[in-house]
Amino acid sequence: MELRILGIHHVTAIAGNPQQNIDFYTGLLGLRLIKVTVNFDDPGTYHFYFGDDMGRPGTIMTFFPWPGAPRGRRGTGQVTTVAFSISGESLSFWEERLRAAGIAAAGPVARFKEQVLSFFDPDGLQLELVANKDDRRSGWAEGPVPAEHAIRGFYGVTMSIAGYERSASLLTEILGFRKVAESDSCFRYAVGEGSPGSLVDILSLPEAPRGQVSVGTIHHIAWRTANDEQQLGWREKLVDQGYNVTPVQDRQYFHSIYFREPGGVLFEIATDSPGFTVDESPEQLGTGLKLPAWLERQRQQIERVLPPLRMPASARER
Ligand code: ZN
């Protein structure tokens, strides 16, 4: 069996205020809130998933909101930037949209062949919009952003690494990535088709301080694998290479294994199936608090500790 990573599955970050997080990612960025659940390892914390209409792998940005927690520190051993993909014709639309919302964006600046707009979410998480002609995905067409300008999904991520060589060899020698570009201290790797959603930039920062996970930082990145059989194959291969890999975890919408890459970033390998319609119809996605069977009997206690939410308009209407 040939093992394959298909690109980015999802990226998970820590937010502060849950309502502010929903309002920013749905109201301003125009992603669809596709699932409201809890952190299965900490059920007193929400887990929000944002993405395209179905929450397809490669579009899924997720958050654990920790209201009242201090901000984290961006630094090495982290994914420090999440880049979303937009059409090559959408840069001025987004410049204006961000300006109208009072968000200071830097750029657009050229990075490799693309133009990049850079800004921060309300918790200080660094985001980018990368204008490109290579993305055939359509994004969430029924949100507040006109379909032609909608975010298509991820373009890629940037990992900040102190000793980048070992991280690079994990990508290229084990996970099947190839180096596709480099400039100064930035090295770009692609996996699979190498299209938007399957790119990772490693920023080599030997002198920079180590990051600290809290509000406004990325918790982990998950890579896509097709199915459970592939995932078990990956687990075996990584264990053989000396990685400390968790057993398979049932995340309800996908199955997951986790391990830390040599530079300190928490990696997950997640399956494409079963997906977000396992407990809600496509029309209803993200409209109510969903709990897996093993937490359903604690629903009352869980709902009592979670802060109330005002759902986005697109979810309310449905
Ligand atoms: Zn995850």
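Before reading on, note that the structure itself is shown above.
In this report, we go over the structure that sits alongside the text. As the structure is a computational prediction, the values presented were derived from the model and not from experiment.

With that settled, consider unusual backbone geometry. With omega at 10°, the peptide bond leading from G107 into P108 counts as cis. Along the chain, the position of P108 falls in strand β6 (residues 106-111). Residue S273 is joined to P274 through a cis peptide bond whose omega torsion reads 5°. One can find P274 in the loop between β16 (266-271) and α5 (293-296). In this model, Q252 sits at a positive phi of 70°, which is unusual for a non-glycine residue. Counting through the fold element by element, Q252 comes out in the loop between β14 (249-250) and β15 (255-260).

The next thing to look at is the environment of L29. Examined against the element boundaries, L29 turns out to sit in the loop between α1 (18-28) and β2 (32-39). The exposure class of L29 is buried, given its relative accessible area of 0%. Considering only alpha carbons, one finds L29 and W140, 111 residues apart in sequence, at a separation of 10 Å. Other than its neighbours up to four places away in sequence, L29 contacts F24, F84, W94, F119, L127, V145 and I151.

The biggest cluster of nonpolar side chains holds 71 residues, and the ones touching the most others in it are Y25, L29, M61, F84 and F267. Considering every element that reaches this core, the biggest residue donor is helix α3 (residues 164-174), with 5 residues. Membership of the second largest hydrophobic core comes to 9 residues, among which are I34, Y253, F276 and L285.

Here we come to α3. In an α-helix, one turn spans 3.6 residues, which is why side chains three or four residues apart end up on the same side. Along α3, the residues classified as buried are Y164, S167, A168, L170, L171 and I174. Buried-residue contacts for α3 involve β9 (153-161), β11 (186-190), β12 (199-204), α4 (228-240), β15 and β16. Once α3 finishes, G176 follows within two positions and takes phi at roughly 90°, a positive value.

This part covers the packing of aromatic side chains. Enumeration over the complete set of coordinates arrives at 18 aromatic pairs. A centroid spacing of 5.4 Å and a plane angle of 80° characterise the contact between F40 and W294, whose relative ring orientation is edge-to-face. Pair noted here: F40 is in the loop between β2 and β3 (42-51) and W294 is in helix α5, with a separation of 254 residues, a long-range link. Residues F259 and F267 carry aromatic rings whose centres are separated by 5.8 Å and whose planes lie at 80° to one another, so their mutual orientation is edge-to-face. For F259, a relative accessible area of 2% translates into the label buried. Residue classification places F267 among the buried positions, given a relative accessible area of 1%. Clustering of aromatic rings is evident, with ring pairs tying together F24, Y25, Y46, F48, F50 and F63.

Computed from the structure, the largest pocket encloses a volume of approximately 410 Å³. Around the largest pocket, the lining is made up of 25 residues, and of these L6, R137, S195, P196 and R224 lie nearest the centre. The residue inventory of the lining of the largest pocket, partitioned by class, reads 6 nonpolar, 8 polar and 11 charged.

Calculation criteria
For every chain, the first residue of the written sequence is number 1, and numbering continues from 1 onward in sequence order. It should be noted that, the model being predicted, local features are given only for residues of pLDDT at least 70 and side-chain atom pairs only at 80 or more, the latter also being counted only at that level, while totals for whole chains, interfaces and linings use all residues. Calculation of side-chain values draws on the structure's entire complement of heavy atoms; hydrogens and water are dropped beforehand. Secondary structure counts use DSSP, requiring at least four H or I residues in a row for a helix and at least two E residues in a row for a strand, with both numbered from the N terminus. Classification of residues uses two cut-offs on accessible area relative to the type maximum, computed with a 1.4 Å probe and protein chains only: under 20% is buried, over 50% is exposed, and between them is partly exposed. In what follows, a contact means two residues having at least one pair of non-hydrogen atoms within 4.5 Å. What is meant by a nonpolar core is a set of buried Ala, Val, Leu, Ile, Met, Phe, Trp, Tyr and Cys residues, joined one to another through side-chain atoms within 4.5 Å. Stacked, tilted and edge-to-face are the three classes assigned to paired rings of Phe, Tyr and Trp, where Trp is represented by its six-membered ring and a pair needs centres within 6.5 Å; plane angles under 30 degrees give stacked, over 60 edge-to-face, the rest tilted. Both cavities and pockets are sets of points on a 1 Å grid over the protein atoms alone; in a cavity a 1.4 Å probe fits but cannot get out, in a pocket the set is open with protein on both sides within 12 Å along at least five of seven lines, and lining residues sit with an atom within 4 Å of a point. Grid points are joined across faces, edges and corners, and a volume is the space filled by probe spheres set on the points. Three categories are distinguished: nonpolar for Ala, Val, Leu, Ile, Met, Phe, Trp, Tyr, Cys and Pro, charged for Asp, Glu, Lys and Arg, and polar for the others, with Gly belonging to the last.

Interpretation note: all reported values are geometric properties and have no functional meaning in isolation.
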